[in-house]
Amino acid sequence: MPPQKAAFFDVDGTLVKTNVVHVYAYYAMNRGSVLGIAGRTLSTAVSVPLFGVMDALDRKTFNEFFYRYYAGLSEDRLVTIAEDMFEDVLQPALFEQSQDLIDQARRSGCKVVLVTGALDFTMRPLARHLGADDLIANKMQFVGGKATGKVIPPIIEGANKANAIRAYCVKENLALDKCHGYSDSASDYAMLAVVGRPTAVNPDLRLRSIARAYNWPILDLK
């Protein structure tokens, strides 16, 4: 009998210590000519403070702005680099207890689903490594095999994560009130509130306060 509930996991800060800027920086340093690499790496480095401010103010605007930096990159090359990027960036950044958390959810009868604002091709190797059953992530638009820098709507972030989870449960015939949600950020409040069993993992100060107010479990992973 297939699982009647799911465990939805945010990725950045929840399962791994990295974020989308680290992922793009890896792509910037591992593609094209030396001049192209230098130009993109410098552009990324100069933009990091701006990324931080935008992410803090508005995650949707941040995602739309940030993913423009992928414009012109080859789809084949992006997918190929994703495998190396997993080994070099994501796997070493996994919290030691992340796999235990995933395995615990599976033992409890949950379908394991990663929900992230990252691009799907960058997360597939991680999902495979963790043994996730499914992945809800942003999808880059490609034209003629090249990234346009535009994400196919709706952008997976904030309230849209909750909408995506709700739609996924309808499609998979899962009981939303029996599902689990895990995240580190108050920006994912809607994602946590929509499921019946939310957990704050490595929570920021605001989410920690929210979790205490609602008596949600709090986990601090190492």
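Since the structure is predicted, the reported quantities are computational estimates derived from the model, not experimental observations. (Residues numbered from 1 in each chain as written. Predicted model: local features only at pLDDT ≥ 70, side-chain atom pairs only at ≥ 80, totals over all residues. Heavy atoms only, no water.)

J.: Honestly, the pairing of strand 1 (residues 5-9) in this entry has me stumped. Any pointers?
T.: The two faces of the sheet receive side chains in turn, since in a regular strand these alternate between them. Summarising burial for strand 1: 5 of the 5 residues are buried, a large majority. Both faces of strand 1 are covered, namely the face carrying Lys5, Ala7 and Phe9 and the face carrying Ala6 and Phe8. By the bridge criterion, 5 bridges tie strand 1 to strand 2 (residues 110-119) in an arrangement that is parallel. Looking across to strand 2, one finds that phenylalanine 9 is bridged to leucine 114. Note: strand 1 against strand 6 (residues 180-183), 3 bridges, orientation parallel. (Buried < 20%, exposed > 50% of the residue type's maximum accessible area, 1.4 Å probe, protein only. Helix = DSSP H or I, 4+ residues; strand = E, 2+ residues; numbered from the N terminus. Pairing = 2+ DSSP bridges.)

J.: Would you explain the nonpolar core in this entry?
T.: Soluble globular proteins tend to bury their nonpolar side chains together. Membership of the largest hydrophobic core comes to 42 residues, with the highest contact counts inside it found for Phe9, Tyr67, Tyr70, Leu114 and Leu126. When residues of this core are traced back to their parent elements, those giving at least two are strand 1, helix 4 (75-93), helix 5 (98-107), strand 2, helix 6 (120-130), strand 3 (134-138) and strand 5 (146-151). No other element matches helix 4, which puts 7 residues into this core. For leucine 114, the contacting residues outside a window of four places in its chain are Phe9, Val11, Leu15, Ala127, Leu130, Ala132, Asp134, Leu135 and Ile136. Within the second largest apolar cluster, 16 residues are counted, among which are Ala6, Phe8, Ala162 and Ile165. (Core = buried A, V, L, I, M, F, W, Y, C linked by side-chain atoms within 4.5 Å. Contact = heavy atoms within 4.5 Å.)

J.: Could you clarify how one ought to interpret the pattern of salt bridges in this entry?
T.: Two side chains that carry opposite charge are able to pair once their charged atoms sit near each other. Enumeration over the complete set of coordinates arrives at 9 salt bridges. When the shortest N-O distance is used, the salt bridge between lysine 111 and glutamate 172 registers 3.0 Å. Of this pair, lysine 111 sits in strand 2 while glutamate 172 sits in helix 7 (residues 158-172), and the two are 61 residues apart along the sequence. One salt bridge connects lysine 161 with aspartate 188, and the closest N-O pair in it is separated by 3.2 Å. Taken as a pair, lysine 161 in helix 7 and aspartate 188 in the loop between strand 6 and helix 8 (189-194) lie far apart in primary sequence, 27 residues in all. (Salt bridge = Lys/Arg side-chain N within 4 Å of Asp/Glu carboxyl O.)

J.: Help me out: how do you make sense of the pairing of strand 3 in this one?
T.: Judged by how many residues are buried, strand 3 sits mostly within the fold: 4 of 5 residues are covered. Pairing of strand 2 with strand 3 involves 4 bridges; the strand directions are parallel. Bridge pairing in strand 3 links valine 113 to aspartate 134. In this region the chain leaves strand 2, passes through helix 6 and returns to the parallel neighbour strand 3; the handedness of that crossover is right-handed. (Right-handed = clockwise from strand over helix to strand, strands pointing away.)

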